[in-house]
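Structure assessment
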Amino acid sequence: MYPAAPRCCTGCVVNLAGENVLNPFRRWGDAFCKEVISSRVETTKTLAKAIADADQPPNAWVVVTGVGYYRPSPTAEYTEDSPGGNFDFFSRLVSSWEAAALIPDGPTRGVLVRSGVVLGRGGGAISQMLWPFWLGLGGPIGSGHQPFPWIHIQDLAGFICHALENECLQGVFNGVSPSSPATSNSTFTQEFAAALGRPALLPVPAWAVRAVFGVERAVMLLEGQKVVPKRTLESGYHFIFPDLSAALKDIVA
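Residues numbered from 1 in each chain as written. Predicted model: local features only at pLDDT ≥ 70, side-chain atom pairs only at ≥ 80, totals over all residues. Heavy atoms only, no water.

**Focus on the sheet that holds strand E7 (residues 171-175)**
The 4 strands lie next to each other as E1-E2-E4-E7, forming an open sheet whose pairing is parallel. Both edges of this open sheet fall to strand E1 (12-15) and E7, since each of them pairs with a single strand only. Pairs of neighbouring strands in the sheet enclose a mean axial angle of 20°, with direction left out of account. Along the sheet, helix H1 (residues 30-53) makes contact with E1 and strand E2 (60-66), crossing E2 at roughly 170°. (Pairing = 2+ DSSP bridges. Helix = DSSP H or I, 4+ residues; strand = E, 2+ residues; numbered from the N terminus. Axes fitted to C-alpha atoms, helices over the stretch in contact; angles between N-to-C directions. Contact = heavy atoms within 4.5 Å.)

Structure (structure tokens):
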């Protein structure tokens, strides 16, 4: 069950827009890159301008971006204050996306949520992996050692509501589970297979990922970041699913 709409959300705006970067049916080229950018940056600019020009602007404005802002690393841990945003296409995309969300003057409170992989029923990452894993064809991607930043969809929705309800909250918050820094792709694979009661014995080689998604996009699957929700926890938000095993069992139940 998802959180109820916050009592104070009259005149609040939440932007979740963005073309699916990992759509395997779309070739990674200039045309698709432009769609990816436009669906995030231009949509956000349009909404931000509408808010800035409104006679009665909303109380709060939440934009969900991504942890691609941080440089992939098997060891470094990133909080909301960590540097990033200027080392590859995806980090620069997040920087442009977040810059587009800024409304310098006016009463509207801005919140940026850098989300990890969103786990939930009926869509997103789980929907693409469910049938291969159910058929016993799942396995780690590449080495499997890469960090896997994640959040249950109920917690993403829950934190958005929390941010809307608490008028003191603004700025950047990492939308990942507290146990996310300790989760690797291999850990996720084993936990997901266990939740389904299926084996996970067939690793996906790195060359196959690059062949399907292209070298630039493949980085999103073959590498990862250890992201810590420091400000998110300090804000007083209590995660519904801080543990990966419980989150996956809830999703596949």
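Now that the structure has been shown, the text picks up again.
**Some points on the environment of isoleucine 51**
As for its position among the elements, isoleucine 51 is in helix H1. Discounting chain neighbours no more than four positions away, the residues touching isoleucine 51 are Val13, Pro57, Pro58, Trp61, Ile103 and Thr108.

**A short note on the packing of aromatic side chains**
The relative placement of two aromatic rings is captured by the distance of their centres and the angle of their planes. Following the criterion strictly, the structure yields 12 aromatic pairs and no others. Between the aromatic rings of phenylalanine 188 and phenylalanine 192, the centroid separation amounts to 5.6 Å while the plane-to-plane angle is 20°, which identifies the pairing as stacked. Residue phenylalanine 188 and its partner phenylalanine 192 are both found in helix H5 (residues 185-196); the two are separated by 4 residues, about one turn of the helix. Residues phenylalanine 188 and phenylalanine 192 agree in their burial class; the two are buried. Ring pairing ties together the aromatic residues Trp28, Phe32, Phe89 and Phe90, which thus form one cluster. Above the face of the tyrosine 69 ring, arginine 114 is positioned so that its terminal group lies 3.7 Å from the ring centre. Taking NZ or CZ as reference, arginine 231 lies 4.3 Å from the ring centre of phenylalanine 173, over its face. (Phe/Tyr/Trp six-rings, centres within 6.5 Å; stacked < 30°, edge-to-face > 60°. Buried < 20%, exposed > 50% of the residue type's maximum accessible area, 1.4 Å probe, protein only. Lys NZ or Arg CZ within 6 Å of the ring centre and 35° of its normal.)

**Structural notes on the pattern of salt bridges**
By the definition in use, this model includes 6 salt bridges. The closest approach of N and O atoms between aspartate 250 and arginine 121, which form a salt bridge, is 3.8 Å. Taken as a pair, aspartate 250 in helix H9 (residues 244-252) and arginine 121 in the loop between strand E5 (117-119) and helix H3 (124-134) lie far apart in primary sequence, 129 residues in all. Residues lysine 230 and glutamate 234 are paired through a salt bridge, measuring 3.0 Å at the closest nitrogen-oxygen approach. Remark: glutamate 234 and lysine 230 occur in helix H8 (residues 230-234); sequence separation between them is 4 residues, near one turn of the helix. The exposure class of lysine 230 is partly exposed, given its relative accessible area of 37%. (Salt bridge = Lys/Arg side-chain N within 4 Å of Asp/Glu carboxyl O.)

**Thoughts on the nonpolar core**
In this structure, Trp28, Val36, Trp61, Val63, Tyr70 and Phe89 are the most contacted members of the largest nonpolar core, which totals 26 residues. When residues of this core are traced back to their parent elements, those giving at least two are H1, E2 and helix H2 (89-101). It is H2 that contributes the most residues to this core, 7 residues altogether. With sequence-adjacent residues up to four places away left out, valine 63 is seen in contact with Asn15, Thr44, Trp97, Ala101, Val111, Leu112 and Val113. (Core = buried A, V, L, I, M, F, W, Y, C linked by side-chain atoms within 4.5 Å.)

**Details of a nonpolar patch on the surface**
Taken together, Leu130, Trp131, Trp134, Leu135, Leu137, Leu201 and Leu202 make up a surface patch of nonpolar side chains, about 760 Å² in accessible area. Among the residues examined, leucine 135 registers a relative accessible area of 57% and is labelled exposed. (Patch = residues over 30% accessible without salt bridge, like charges linked within 9 Å, V, L, I, M, F, W, Y side chains within 5 Å. Areas by Shrake-Rupley, 256 points an atom, 1.4 Å probe, with all protein chains shown as cover.)

**Digging into the side chain of serine 180**
As for its placement among the helices and strands, serine 180 is situated in the loop between E7 and H5. A relative accessible area of 0% places serine 180 in the buried class. If near-sequence neighbours (up to four positions away) are discounted, serine 180 is found in contact with Phe148, Pro149, Trp150 and Val227.

**Some details on the pairing of E1**
The pairing of E1 with E2 spans 4 bridges and is parallel. By the bridge assignment for E2, valine 13 is matched with tryptophan 61. Regarding topology, H1 serves as the crossover connection from E1 to the parallel E2, and that connection is right-handed. (Right-handed = clockwise from strand over helix to strand, strands pointing away.)

**Some words on the confidence of the model for the protein chain**
Confidence along the protein chain averages 93 in pLDDT terms, with 96% of residues attaining 70 or more. Scored below 50 in pLDDT, residues 1-9 shows 16 contacts in the model against residues more than four places distant or in partner chains. (pLDDT = per-residue confidence, 0-100.)

**Looking at the layout of surface pockets**
In this structure, the second largest pocket spans a volume of roughly 170 Å³. In terms of lining, the second largest pocket is formed by Trp61, Ala101, Leu102, Ile103, Pro104, Thr108, Gly110, Val111, Leu112 and Gly171. With 3 residues, strand E4 (residues 109-115) is the largest single contributor of residues to the lining of the second largest pocket. Its residues placed into classes, the lining of the second largest pocket shows 7 nonpolar, 3 polar and no charged. (1 Å grid on protein atoms, 1.4 Å probe; cavity = no way out; pocket = protein on both sides within 12 Å on 5 of 7 lines; lining within 4 Å. Points joined across faces, edges and corners; volume = space filled by probe spheres on them. Nonpolar A, V, L, I, M, F, W, Y, C, P; charged D, E, K, R; others polar.)

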